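One-letter residues, chain by chain:
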Amino acid sequence: EYGNEERTATAMSDFEHPDASEAMLQGYESDASKQHHPVALLCHFVFKVGALLWYMFSSWVVSGFVLTFIVQVLLLAVDFWTVKNVTGRLLVGLRWWQDVKDDGESEWIFESKEDQSSIVASEKRLFWTGLIAAPVAWTVFGLLAIISLITPNPIVVAPRLLVVALALGLTLPNLYGYMKCAKESGEKLRGLARNYIGSAALNAAFRNI
């Protein structure tokens, strides 16, 4: 993690680089010529799908709730860590974390890669598809579990509601964090576009003098 001063200095050096604006606004290559991340893309989905399949079919494999819950927690926790620390950085050039200061106060940090030209468009779409689909799927399972409470034996549904609550608690923070990163990245890109257009217009005016 970087300190506030170091992050600011890094951002300024990228903005002041003479080719920074051109790289973001003009330097986009075709997906075929970019570096792909198949392993990261696989990991982005495998733990999500694994957690959902385990939720639906674990009763066919084990009968005790304790073991079922432990495996479910492991799948969800690994997915949370992978998305937060690996796939977001590699597939979309975004990252977020919580910085705890010396005085105990916490600060949420949302960052985006300055040069987005290396991001593969297809991988970016798949990243956001998986990121959004996971909490949506868990929400559907939660609603189905709530409807099942009207059954003659609602106590059986309670463990499923616990699992759904845990899943939403581990998938929604990543969705929120990356949406904030994307929003700030869009604002940064619009600022660079304005600077680039203004600089081009100024250079054209000086050439005409």
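These figures come from a predicted structure and were not determined experimentally. (Residues numbered from 1 in each chain as written. Predicted model: local features only at pLDDT ≥ 70, side-chain atom pairs only at ≥ 80, totals over all residues. Heavy atoms only, no water.)

1. Here's the deal with the pattern of salt bridges
Okay, so step 1: In the structure shown here, the tally under the stated rule is three salt bridges.
Okay, so step 2: In this structure, the salt-bridge partner of Arg95 is Glu111, at a minimum N-O distance of 2.9 Å. Of this pair, Arg95 sits in strand β1 (residues 94-100) while Glu111 sits in strand β2 (residues 106-112); the two residues are 16 residues apart in sequence, bridging distant segments of the chain.
Okay, so step 3: Exposure remark for Arg95: the relative accessible area of 27% places this residue in the partly exposed category.
Okay, so step 4: Lys101 is paired through a salt bridge with Glu107; the nearest N and O atoms lie 3.7 Å apart.
Okay, so step 5: For Lys101, a relative accessible area of 36% puts it in the partly exposed group. (Salt bridge = Lys/Arg side-chain N within 4 Å of Asp/Glu carboxyl O. Helix = DSSP H or I, 4+ residues; strand = E, 2+ residues; numbered from the N terminus. Buried < 20%, exposed > 50% of the residue type's maximum accessible area, 1.4 Å probe, protein only.)

2. Points about the packing of helix α3 (residues 38-57) against helix α5 (residues 121-147)
Okay, so step 1: Here α3 crosses α5 at 10°, and the two axes come no closer than 10 Å. Relative to α5, α3 is oriented roughly parallel. Across the interface between the two elements, Pro38, Leu41, His44, Phe45, Lys48, Ala51, Leu52, Tyr55 and Met56 from α3 touch Glu123, Leu126, Phe127, Gly130, Leu131, Ala134, Ala137, Trp138, Phe141 and Ala145 from α5.
Okay, so step 2: Across the contact of α3 with α5, the residue classes tally to 15 nonpolar, two polar and two charged. (Axes fitted to C-alpha atoms, helices over the stretch in contact; angles between N-to-C directions. Parallel < 35°, antiparallel > 145°, perpendicular 65-115°, else oblique. Contact = heavy atoms within 4.5 Å. Nonpolar A, V, L, I, M, F, W, Y, C, P; charged D, E, K, R; others polar.)

3. A word on the nonpolar core
Okay, so step 1: Leu94, Phe127, Trp128, Leu131 and Tyr178 are the most contacted members of the largest nonpolar core, which has 14 residues in total.
Okay, so step 2: Contributing elements (two or more residues each) for this core: α3, α4 (65-91), β1, α5 and α6 (158-207).
Okay, so step 3: The residues contacting Tyr178, other than those within four sequence positions of it, are Val83, Lys84, Gly88, Arg89, Leu94, Arg95, Trp96, Phe127, Trp128 and Leu131.
Okay, so step 4: Counting eleven residues, the second largest nonpolar core, distinct from the first, contains Leu52, Tyr55, Trp138 and Ala167. (Core = buried A, V, L, I, M, F, W, Y, C linked by side-chain atoms within 4.5 Å.)

4. Observations concerning the pairing of β1
Okay, so step 1: Where β1 and β2 come together, seven bridges link them in antiparallel fashion. Across the sheet, residue Arg95 finds its bridge partner in β2, namely Glu111. (Pairing = 2+ DSSP bridges.)

5. Examining the packing of aromatic side chains
Centre-to-centre distance and the angle between the planes together describe a pair of aromatic rings.
Okay, so step 1: By the definition in use, this model includes ten aromatic pairs.
Okay, so step 2: Ring centres 6.5 Å apart and planes at 75° place the aromatic pair Phe80 and Trp96 in the edge-to-face group. One end of the pair, Phe80, is in helix α4; the other, Trp96, is in strand β1, with 16 residues separating them in the sequence.
Okay, so step 3: With a relative accessible area of 21%, Phe80 lands in the partly exposed category.
Okay, so step 4: Assessed through its relative accessible area of 5%, Trp96 is described here as buried.
Okay, so step 5: Here the aromatic rings of Phe127 and Tyr178 are separated by 5.2 Å at their centres, their planes lie at 90°, and the arrangement is edge-to-face. Linking Phe127 in helix α5 with Tyr178 in helix α6, this pair joins segments that are 51 residues apart in sequence. Here the two residues Phe127 and Tyr178 agree in accessibility, since each one is buried.
Okay, so step 6: By way of ring pairs, the aromatic residues Tyr55, Trp138 and Phe141 are connected into one cluster.
Okay, so step 7: Just above the ring of Tyr55 sits the side chain of Arg160; from NZ or CZ to the centre is 4.8 Å.
Okay, so step 8: The ring of Phe110 carries Lys180 above its face, with NZ or CZ at 5.6 Å from the centroid. (Phe/Tyr/Trp six-rings, centres within 6.5 Å; stacked < 30°, edge-to-face > 60°. Lys NZ or Arg CZ within 6 Å of the ring centre and 35° of its normal.)

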